[in-house]
Amino acid sequence: MALQIENIEKSRISDVDFGNLKFGEIFTDHMFECDFENGAWQTPKIRPYQSLTFDPSAKVFHYGQAVFEGMKAYKDTNNDVWLFRPDQNQKRINISAERLDMPAFPKEYFLEGLNTLLKMDSEWVQKGDDFALYIRPFIIATEHCVSAATSNRYKFMIICSPVQSYFTGEVRVVFADEYSRAANGGVGFAKAAGNYAASFYPTRLASEQGYQQVLWTDAANHEFLEEAGTMNVFFRVNDTLLTAPTSDRILDGVTRKSVIQVAKDEGINVEVRNVRVSEIVEAARKGELLEMFGAGTAVVISPILGFSHQNETFELPKIENSYASIIKKRITDIQRNKAEDKFGWRVKVQ
Ligand code: COI
């Protein structure tokens, strides 16, 4: 693959307080960039991280034609850098792109471009269980024109941000019973930027009541529990782990599918099926709802300590050896090259 590379003159890394990172605020020295023009992706470039200039009429500003991905890189004790299932993100950005009527980005450009970028910025991947490099590939519509029709120019980019935990405190959720995130036939399964924009207002209302996230339910009747926007969601009722099946409303999360596989491998009974709000509320009343947790690249596996449903609040019990902690350890040990990778998920940057 032809790739133009322009190196930074001086790294900014010494200015970074790695012990005090706010999620997604600091970016590494370089960025990967490729433009789609005249019906084809042009020669990709890696150049110093910098601001971009766009015409105010660029379509992304007006119609939100934008999709993205979230991935992480980890550094092991030998200073080797690892990706987790990058093929899944590569495929998914093109699934999202297709739904938003954007051109697919070539697999080779994605994977080789990312590998080169990570080699160049490998100093930014810090060692230690608390650190990862969050990787944000995205595609935006850049045609200069405000007619409400698909763009004929796009920009694909990858930017990288050193991160610690996504949530800094405890997580509790509100079960949605008014607003919706996604509908049948819509874009809920895609990592479309607008899915996130649409969730901010209801999430702010939830946070004003002390809840960090909204747990979205189906738009038709608010009867089934679906996902939380920044994460897919799992429920442990007695010794069974439940999660909703993917659909055109739910993101096919890479962490989600890894959790299902690892849980089954641990001998945990996993049911992937529609999960009724009423059964979870009932299980919580009976003390049978032992755990809830979110799963996603940014949040990893995040226990959910309680929820609110139609103004009633529920706290989950504090338990030892939670499924969340067992599964989190299995997955993060694979991600960080601390355990055998029997599923073949880990990919070395080289
Ligand atoms: C991710 O986990 O990578 C996500 O996309 C969630 C993000 C919106 C913070």
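In short, a report on the structure. (Residues numbered from 1 in each chain as written. Predicted model: local features only at pLDDT ≥ 70, side-chain atom pairs only at ≥ 80, totals over all residues. Heavy atoms only, no water.)

Remarks on the packing of aromatic side chains
Summed over all chains, the structure comprises 21 aromatic pairs. Relative to Phe 156, the ring of Phe 32 lies with its centre 5.9 Å away and its plane at 85°, an arrangement referred to as edge-to-face. With Phe 32 in strand E2 (residues 30-37) and Phe 156 in strand E9 (residues 154-163), the pair connects residues that are 124 residues apart, well separated along the chain. The ring of Tyr 323 carries the charged tip of Arg 236 above its face, separated from the ring centre by 3.7 Å. When the ring centre of Trp 82 is taken as reference, the NZ or CZ atom of Arg 346 above it lies at 5.3 Å. (Phe/Tyr/Trp six-rings, centres within 6.5 Å; stacked < 30°, edge-to-face > 60°. Helix = DSSP H or I, 4+ residues; strand = E, 2+ residues; numbered from the N terminus. Lys NZ or Arg CZ within 6 Å of the ring centre and 35° of its normal.)

A look at the sheet that holds strand E17 (residues 289-296)
Taken together, five strands build an open sheet; the order of strands is E15-E14-E13-E17-E18 and the sheet is mixed. The outermost strands of the open sheet, each flanked by one partner alone, are strand E15 (269-272) and strand E18 (300-303). Neighbouring strand axes in the sheet, compared pairwise and without regard to direction, differ in orientation by 25° on average. The pairing of E17 with E18 spans four bridges and is antiparallel. Bridge pairing links Gly 294 to Ser 302 in E18. (Pairing = 2+ DSSP bridges. Axes fitted to C-alpha atoms, helices over the stretch in contact; angles between N-to-C directions.)

Description of the site of the ligand
Near the ligand you find Phe 68, Gly 70, Tyr 134, Arg 136, Tyr 166, Lys 191, Tyr 196, Thr 230, Thr 297 and Ala 298, and these make up its full shell. One of the side-chain nitrogen or oxygen atoms of Tyr 134 is found 2.5 Å away from an oxygen atom of the ligand. Ala 298 is positioned such that a nitrogen or oxygen atom in its backbone is 2.7 Å from an oxygen atom of the ligand. The protein chains hide 91% of the 290 Å² of surface that the ligand would expose on its own. (Near = heavy atom within 4 Å. Polar contact = N/O pair within 3.5 Å; in protein donor to acceptor, adjacent residues only side chain to side chain. Areas by Shrake-Rupley, 256 points an atom, 1.4 Å probe, with all protein chains shown as cover.)

Regarding the sheet that holds strand E20 (residues 312-315)
The four strands are arranged E11-E10-E19-E20 in an open sheet whose pairing can be described as mixed. With one partner strand each, in any of the chains shown, strand E11 (213-215) and E20 form the two edges of the open sheet. Averaged over all neighbouring strand pairs, the angle between strand axes comes to 25°, with direction disregarded.

Quick notes on the nonpolar core
Formed by 37 residues in total, the largest nonpolar core has its most connected members in Trp 41, Leu 118, Ile 135, Ile 139 and Phe 156. Among the secondary structure elements, those contributing two or more residues to this core are E2, strand E6 (71-75), strand E7 (81-84), helix H2 (86-99), helix H3 (107-120), strand E8 (132-141) and E9. By residue number, the principal contributor to this core is H3, which donates five residues. Ignoring anything within four residues of it in the chain, the contact list for Phe 156 reads Phe 32, Glu 33, Cys 34, Trp 41, Ile 93, Phe 105, Phe 110, Pro 137, Phe 138 and Ile 139. (Core = buried A, V, L, I, M, F, W, Y, C linked by side-chain atoms within 4.5 Å. Buried < 20%, exposed > 50% of the residue type's maximum accessible area, 1.4 Å probe, protein only. Contact = heavy atoms within 4.5 Å.)

Some words on the environment of Pro 162
Note on placement: Pro 162 falls in strand E9. Separated by 171 residues in the primary sequence, Pro 162 and Asp 333 have C-alpha atoms spaced 19 Å apart. Leave out the neighbours within four places in its chain, and Pro 162 touches Phe 18, Leu 21, Ile 26, Thr 28, Trp 124, Ala 132 and Leu 133.

Description of helix H4 (residues 193-208)
Over its 16 residues, H4 extends 24 Å from the first C-alpha to the last, a length consistent with the 22 Å expected when each residue adds 1.5 Å. The principal kink in H4, of about 35°, is found at Phe 200, preceding the proline Pro 202 by one to four residues. All of the buried residues in H4 are Asn 195, Tyr 196, Ser 199, Pro 202, Thr 203 and Ala 206. Looking one or two residues past H4, Gly 210 carries a phi angle of roughly 90°, positive in sign. (Expected span 1.5 Å × (residues − 1). Bend = angle between axes of the 7 residues up to and from the residue.)

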